[in-house]
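Here are the chains, one letter per residue:
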Amino acid sequence: MQTHRFLPCLTFALLVATLSAAEPAPPTQLDHSQLMVYLDDAGRPQPVKTAADWAVRRRQILAGMQQAMGPLPKFERQTPLDPRETERVEDDGVVRIKLSFASADNTGDRVTAHLYLPAGLKPGERRAAMLALHPTGAQGKDIVAGLGRANRGYGLELAQRGYVVLAPDYPSFGELADYDFAADPYVSGTMKGIVNHMRGVDLLQSRAEVAPERIGVIGHSLGGHNAMFVGVFDERLKVVVSSCGWTPFHDYYGGKLKGWTSDRYMPLIRDQYGLDPDRVPFDFYEVVAALAPRAFFSASPERDSNFEVAGVRRAEPKAREVYELLGAGNRLVVRYPQCEHDFPPDVRREAYEFIDKILEHSPSR
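Overview of the structure. Source: prediction; values computed, not measured. (Residues numbered from 1 in each chain as written. Predicted model: local features only at pLDDT ≥ 70, side-chain atom pairs only at ≥ 80, totals over all residues. Heavy atoms only, no water.)

Here's the deal with the packing of aromatic side chains
Right, so step 1: Under the definition given, this model contains 15 aromatic pairs.
Right, so step 2: The residue whose ring lies beneath Arg313 is Tyr336, and the NZ or CZ to ring-centre distance is 3.9 Å. (Phe/Tyr/Trp six-rings, centres within 6.5 Å; stacked < 30°, edge-to-face > 60°. Lys NZ or Arg CZ within 6 Å of the ring centre and 35° of its normal.)

Considerations on the side chain of Glu316
Right, so step 1: Mapped onto the fold, Glu316 is located in helix H7 (residues 309-325).
Right, so step 2: Residue Glu316 is classed as buried on the basis of its relative accessible area, which comes to 17%. (Helix = DSSP H or I, 4+ residues; strand = E, 2+ residues; numbered from the N terminus. Buried < 20%, exposed > 50% of the residue type's maximum accessible area, 1.4 Å probe, protein only.)

Quick word on the pattern of salt bridges
Right, so step 1: Inspection of the entire model under this criterion finds 22 salt bridges.
Right, so step 2: Of the charged contacts, one joins Asp109 and Lys192 as a salt bridge, the two residues approaching to 2.4 Å between their closest N and O atoms. In this pair, Asp109 sits in the loop between strand E4 (94-102) and strand E5 (110-117) while Lys192 sits in helix H3 (residues 189-206), placing the two residues 83 residues apart along the sequence.
Right, so step 3: Given a relative accessible area of 17%, Asp109 falls into the buried group. (Salt bridge = Lys/Arg side-chain N within 4 Å of Asp/Glu carboxyl O.)

Concerning the sheet that holds strand E10 (residues 295-299)
Right, so step 1: In space, the nine strands of this open sheet follow the order E3-E4-E5-E7-E6-E8-E9-E10-E11, with mixed pairing throughout. The open sheet has two edge strands, strand E3 (84-91) and strand E11 (332-335), and neither has a second partner. Averaged over neighbouring strand pairs, the angle between their axes works out to 15 degrees when direction is ignored.
Right, so step 2: Bridging between E10 and E11 involves four bridges; their strand directions are parallel. Looking at the pairing, Phe296 lines up with Leu332 of E11. (Pairing = 2+ DSSP bridges. Axes fitted to C-alpha atoms, helices over the stretch in contact; angles between N-to-C directions.)

Rendered as structure tokens:
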């Protein structure tokens, strides 16, 4: 994959945290599973004892992620969203709007998406909102509209529950099927996804129907880890739900990382880190912990052939130490359903109830 230098004049509206390649070097000397240790300015390991210590460790985690994904662009001025609506469909009391909006990279690129408006919205009323990220599939955003496999229609279901929902296409799927990763200014498809999804949060916050401080993200499989990635970099997202989205790299097909290296993911895992889990400068232990103290719900099935559950079970207590340190132990929930690579109804229901609680939402049904 061709690597590009990012354009200097990019921006997000209302971006909470801007990062650049100037972040500190990643903690390559640390075992990524050892979350309660950080490196001081001299490169010496120190115990994480306080929230301030954890803030240092978290900065090092984000730096490591950007080593593999490419830097999150530093945005210096506002780029208009320019939303363009092309279709409205009402189904079961929910209005689904097909639209596109300008990406933040000043290249003319646009993000295609569905926006769901729930029934019963009153003039001036602001609702909690969710970003619904789809799993792998040519249908893209249509999958979370319930038009794909069973148990994937969480975008429509959350709208029926009373949320405003935005479901974007991930580059190379849906209306973005012809997306050319080699022609864009990003080091990885993963970082392009993060930028698009953060831009989706911008769009939600721009809507009169949305309470801007009550926004979360949910996804299954591809959408599951993308929900985690954007959640790490965008602290406007108060709750993150990942179904079948992760396991530590050593547990992903026994440490065989080729599946993470396509253009839509992170080619540097192959090209720079030699497909070696020990060399990749971050791991999912750290991704989960970096979400703290915000709320995280993980559905990790016992028979998931993609994301080995044993790795999740090892990572959960490690991440919980960080949540406990920050006084947020009850905001980390991991469930292990007895199923394969799926998001079954009972687990979705529990996830929705968790979202309701965090976002202070009273479901309409």
